[in-house]
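Remarks on the overall topology
Residues per chain are reported as follows:
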There are 2 protein chains.
Amino acid sequence: MTASSSSEYALGIDLGGTGIKAGVVSAHGTLLREWKVPTEAEKGGGYVVARMIALCRQILSELPEGIQSEQIIGIGIGSPGVFDFKTGALVAGAVNIPGLNGTPMRSIFEAELGLPTRVDNDANVFVLAEARSGAGRDASVAVGYTIGTGIGGGVVIGGKVFHGAWGFAGELGHVTVEPEGIYCPCGNHGCMESYASANAIATYARQAAEIHDNSILSGMSPDEITCKSVGEAAAQGDALARHVIERAAFYLSVGIGSTVIALNPAVIIIGGGGALLGEMLFEPIRKHLRRRVYHQRVQSVDVVGAQLGVDAGIIGAAGLAFAERNSN
Amino acid sequence: MTASSSSEYALGIDLGGTGIKAGVVSAHGTLLREWKVPTEAEKGGGYVVARMIALCRQILSELPEGIQSEQIIGIGIGSPGVFDFKTGALVAGAVNIPGLNGTPMRSIFEAELGLPTRVDNDANVFVLAEARSGAGRDASVAVGYTIGTGIGGGVVIGGKVFHGAWGFAGELGHVTVEPEGIYCPCGNHGCMESYASANAIATYARQAAEIHDNSILSGMSPDEITCKSVGEAAAQGDALARHVIERAAFYLSVGIGSTVIALNPAVIIIGGGGALLGEMLFEPIRKHLRRRVYHQRVQSVDVVGAQLGVDAGIIGAAGLAFAERNSN
C-alpha cells in the first residue's frame, strides 16, 4: 500500500450474475466514480467479457476530472467462482455464465486494454478490500468471511491475497466443524457453511419453529423465516431466535478458531448478509473463541463487521491491481 | 534459499529437556558436524543459556576443516515452548528449565557472540528443516506436524516460518476436530492432539484392549500398549490395532483438511514418533483428505513422512538463521 503513489488509480470490476459494477479507485481504496451495466449472462462468456472490456474502454474515455489515463496502473476483476490466479481463468464456476469457464480473462484484458489485469474470486476480493482500506486496515494478517447463501473466505497477508501453493487457499466455508456432520455439495461432511451460512441459519430456524410454539418464528410461514427475520426476532428478545444465532456462532467459532490457530490473524472480518446480525452474532463468536484458542494474545483477535458495504467488490478488485502489481 | 551462497554456514542448536545438540550446517541443509552436551535443566535458565553460549564458542573455535568463522552467518535455536519470535524469549514453556521463561535469548546470544540469532519452537524448526532440505523441498507452502506426546505444527511459506500477526501461527495440534470433544489442557475441547497424538493413540488402544479379547493388544499390559506396539500389532494384521490407527487418521484428516482448505499447502509433512506408523497412518489420511477437501488439485496435496530424522532439530535451527536473516 505504501508503495502506491496517491496519484495512482486502478479500475475495479465486480462481475456478478445479474450486474457488472465497475469503478475508478484510488490507491487508498477510495471509489471515485461507479458504472453499472447488466451482465446478460445468458448471452454467454464471450459476450460478457466483451461487455466488460467495452465498459473499461468507456471508463477510460470518461475518467473523473483530474485523472489521466496514464495514472491508471491496472485492472482488477472479482467474481464468484474459483479462478486460476495466474491466468485469471475461471476453474470452477459459481457464477452462471455459459462458456466463461476456462476463458483466460487476464490475458484477454491485457491484450485488449494494455493494462496489467488481475482476477480473483469475490470472497478474496472482499477480504482484500477490507484489509486494505476497511475493517482490517493495518492488520498484517487478516481473515475474512462472507456469510450469505454459502460462506466464502479469504486470507490476506501483508496486503495481498494469500493463494497457497496452487491458488486454492482461503476456502474457509468448507473447514470441517462436525466430523460426521451434514453432507455438503463440496463432497465433505460437516462444513462450516452447512451450519452457519445465512441459508443454514434460516433452515435451522424453520426446523426449530416447527417444534416450538412460543417463538415469533413459530407464527411465520417457512418462506418468511430468513436469516434477516431471525435477526429481527432475536432483536426483540425472542429466545428461540437467539438460540438459532447462538448455534451459528458456536459453529463459526469452531471453524474460525481452527483458522486462528493456524494463521494467527490480527483481525477476523465478517461480511455478507449474515453480518447484518451484528453484535448478536459477533459477541458469542468472541466468547467461544476465547475458549477455542490457546494463547492469550491470539484470543484477543478482533472479530468485526465489514465496513465497506456493497462497494467492497469494486474497491477490492481495484486492490488486486495495486496489491499484485509486479507479481505473476 | 537461493539467496544463500553455498560457502555460507550457520550454527543450529536443538535445545531439549535432557540434551543440547548443536551443529554446523550448510545453506543447503547439510549437517557437517554435531556436538552434544547435557542440558542440566535443574541448574536453571541462566546456566543453560551460558552453557549454550559456551558450546557455540567451542564450535566456532573448532570449525570443520575448510570453514572459516567469517563464513558463519548466524545462529538458530529451536526448543519446545512458545517463543516471542522478535526477542527469542520463551513466552509459554513446554521445556522444563526453571527461569528460562522471559529470557531474551536472541539479544543475549547476539551480544555475547556477535552473530545474528533467531529462536523458534521445535515444531516450527522441524517444518522449516523439512521444507528447506527434506520432505518438503521445492514446496512453496509446506505444513508439518510432529506426532508425539502432543501434536506440534508449523507452516512454512516461501522457505520461512510463517508466524502470523503476533507469532502464534501454526499451533496445529489445537485445531478442533470434535466441537464438544475431549477436554484439552489448552482450554479447548476436541483438539486434534487429544485424538491423534502418539499418547492419544496409546490411550485409546488401552481402552479398546480392555473391552476386546481377540486382539494382540488384549494380551498386553496397559504399559506395553504404546503407539509403537499398536503399530507393530497392526503390521501383523491385528484388526483392533488397525482400527485404532484408522481412527487417529480420521481425526488427523479433519484437522489437516481444515488447514489444507485454509492454506492450500503443496505438502503435508508428518514427523515425530507417530510418523513411524508410516503408510498405515498416511494412506488413510490421504483417503479421508480426498473427501474432506474440495478441489481436485488441493486434494492432490502430498502427505509424506519426514526425511531428516533426529537431525531435523539442528538443521532447522540453522535454517532459521538462513531464512530469517535481514528480517526482524
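Residues numbered from 1 in each chain as written. Chains lettered and ligands numbered in written order. Predicted model: local features only at pLDDT ≥ 70, side-chain atom pairs only at ≥ 80, totals over all residues. Heavy atoms only, no water.

**Regarding the sheet that holds strand S10 (residues 160-161) of chain A**
All names here are of chain A. Using the following cut-off: Strand pairing is defined by DSSP finding a minimum of two bridges between the two strands. Labels follow the DSSP assignment, with helices taken as runs of H or I lasting at least four residues and strands as runs of E lasting at least two, numbered in each case from the N terminus.
Strand order in the open sheet made by the five strands is S10-S9-S8-S11-S12, with mixed pairing throughout. Each edge of the open sheet carries a strand with a single partner, namely S10 and strand S12 (302-305). Where strand S8 (residues 141-147) and strand S11 (residues 267-271) come together, five bridges link them in parallel fashion. Bridged to Ala142 within S11 is Val267.

**Notes on unusual backbone geometry**
All names here are of chain B. The line we're drawing: For every residue, the accessible area obtained with a 1.4 Å probe (protein chains only) is divided by the maximum for its type, and the residue is called buried under 20%, exposed over 50%, and partly exposed between those limits.
Of note in the backbone geometry, Asp138 takes a positive phi value of approximately 75 degrees without being a glycine. Mapped onto the elements, Asp138 comes out in the loop between helix H3 (122-133) and strand S8 (141-147). Overall, the relative accessible area of 79% leaves Asp138 in the exposed class. Within the chain, Asn264 stands out as a residue other than glycine whose phi angle is a positive 45 degrees. Relative to the helices and strands, Asn264 is located in the loop between helix H7 (239-263) and strand S11 (267-271).

**Examining helix H8 (residues 279-292) of chain A**
To keep it simple, the criterion reads: The length a helix should cover is 1.5 Å for every residue beyond the first.
With 14 residues, H8(A) should cover 20 Å at 1.5 Å per step; its first-to-last C-alpha distance of 19 Å lies within 8% of that length. Of the residues making up H8(A), those classed as buried are Leu281(A), Phe282(A), Pro284(A), Ile285(A), His288(A), Leu289(A) and Arg292(A).

**Some details on the domain arrangement of chain A**
Residues and elements named next belong to chain A. Defined as follows: Boundaries of every domain are those given by an automatic assignment or by a domain database. Should any heavy atoms of two residues lie within 4.5 Å, those residues are considered in contact. Throughout, buried area stands for the accessible area (probe radius 1.4 Å) lost by two parts on being put together, summed over both. What makes a salt bridge here is a side-chain nitrogen of Lys or Arg within 4 Å of a carboxyl oxygen of Asp or Glu, nothing more. In protein, a polar contact means a hydrogen-donor-capable atom and an acceptor-capable atom, both N or O and within 3.5 Å, with residues adjacent in sequence counting only if both atoms are side-chain atoms; elsewhere, any N or O pair within 3.5 Å suffices. Just so you know the grouping, Ala, Val, Leu, Ile, Met, Phe, Trp, Tyr, Cys and Pro go in nonpolar, Asp, Glu, Lys and Arg go in charged, and all remaining residues, Gly too, go in polar.
As far as domains go, chain A holds domain 1 (9-131 + 311-323) and domain 2 (138-306). On a C-alpha basis, the centres of domain 1 and domain 2 stand 28 Å from each other. Each side of the interface is counted separately: domain 1 has 14 residues, and domain 2 has 23 residues. Interface of domain 1 and domain 2: buried area, both sides summed, is about 1,400 Å²; carbon and sulfur atoms make up 70% of it. Summed over the three residues of domain 1 that lose the most area to domain 2, namely Phe85, Phe126 and Val127, the buried surface amounts to 35% of that side. In this structure, the connection of domain 1 to domain 2 is made through zero salt bridges. At the boundary of domain 1 and domain 2, one finds one residue pair in polar contact (both at pLDDT 80 or more). Secondary-structure elements contributing two or more residues to the side of domain 1 that touches domain 2 are strand S5 (82-83), strand S7 (117-121), helix H3 (122-133) and helix H10 (312-323). Split by residue class, the side of domain 1 that touches domain 2 holds ten nonpolar, two polar and two charged.

**Quick notes on the relation of the copies chain B and chain A**
Relating the two copies of this chain is a rotation about some axis coupled with a shift parallel to it. Rule in force here: Superposition of the copies was done by least squares, using only C-alpha atoms of residues whose pLDDT is at least 70 in both.
You can overlay chain B on chain A at an RMSD of 0.0 Å; the transform is a turn of 180 degrees with a shift of 0.0 Å along its axis. Considering both components of the superposition, the chain copies are consistent with a two-fold axis. The rotation axis passes nearest to the C-alpha of Glu178(B) in chain B, at a distance of 3.2 Å. Of the interface residues in chain B, 100% have counterparts in chain A that sit at the interface too, so the contact is made through matching surfaces.

**Looking at the interface of chain B and chain A**
Listed by partner, the interface residues are 45 residues for chain B and 45 residues for chain A. In total, about 4,000 Å² of surface goes out of reach between chain B and chain A, with carbon and sulfur atoms giving 62% of it. There are two salt bridges connecting chain B and chain A. Linking Arg291(B) and Glu180(A) is a salt bridge whose minimum nitrogen-to-oxygen distance equals 3.9 Å. Scanning the region where chain B abuts chain A turns up 18 residue pairs in polar contact (both at pLDDT 80 or more). Within the residue set of the side of chain B that touches chain A, elements represented by two or more residues are strand S9 (151-157), H7, helix H8 (279-292) and helix H9 (296-299) of chain B. Considering every element that reaches the side of chain B that touches chain A, the biggest residue donor is H7(B), with seven residues.

**Digging into the pairing of S11(A)**
Residues in a regular strand point their side chains to alternate faces of the sheet. Residues and elements named next belong to chain A. With respect to burial, S11 is a largely interior element, five of its five residues being buried. Neither face of S11 is exposed, since Val267, Ile269 and Gly271 on one face and Ile268 and Ile270 on the opposite face are all buried. In the sheet, S11 pairs with S12 via four bridges, with the strands oriented parallel. In the sheet register, Ile269 faces S12, and the bridge partner there is Val304.

**Here's the deal with helix H2 (residues 105-113) of chain B**
Residue and element names in this part refer to chain B. Heads up, the condition is: The arc in question is the one spanned by the directions pointing from the helix axis to the C-beta atoms.
Buried residues of H2: Met105, Arg106, Phe109 and Leu113, and no others. For H2, the angular spread of buried residues about the axis comes to 100 degrees, placing them on one side. Elements in contact with the buried residues of H2: strand S1 (9-15), helix H1 (45-61), strand S4 (72-79), strand S5 (82-83) and strand S7 (117-121). Two residues or fewer past H2, Gly114 is found with a positive phi of approximately 65 degrees.

**Brief notes about the environment of Gly150(B)**
Residue and element names in this part refer to chain B. With respect to the secondary-structure elements, Gly150 resides in the loop between S8 and S9. The sequence separation of Gly150 and Ala198 amounts to 48 residues, and the corresponding C-alpha distance is 7.1 Å. Excluding its chain neighbours within four sequence positions, the residues that come into contact with Gly150 are Glu193 and Ser197.

**Quick word on the side chain of Asn188(A)**
Assignment of secondary structure puts Asn188(A) in the loop between S10 and helix H4 (193-196). Residue class for Asn188(A) comes out buried when judged on its relative accessible area of 0%. Within polar-contact distance, the side chain of Asn188(A) engages the side chain of Thr176(A) at 2.9 Å. Here the side chain of Asn188(A) touches Arg292(B) through a polar contact of 2.7 Å, side chain to side chain. Among all residues touching Asn188(A), those that are not within four sequence positions of it are His174(A), Thr176(A), Ile182(A), Tyr183(A), Arg291(B) and Arg292(B).

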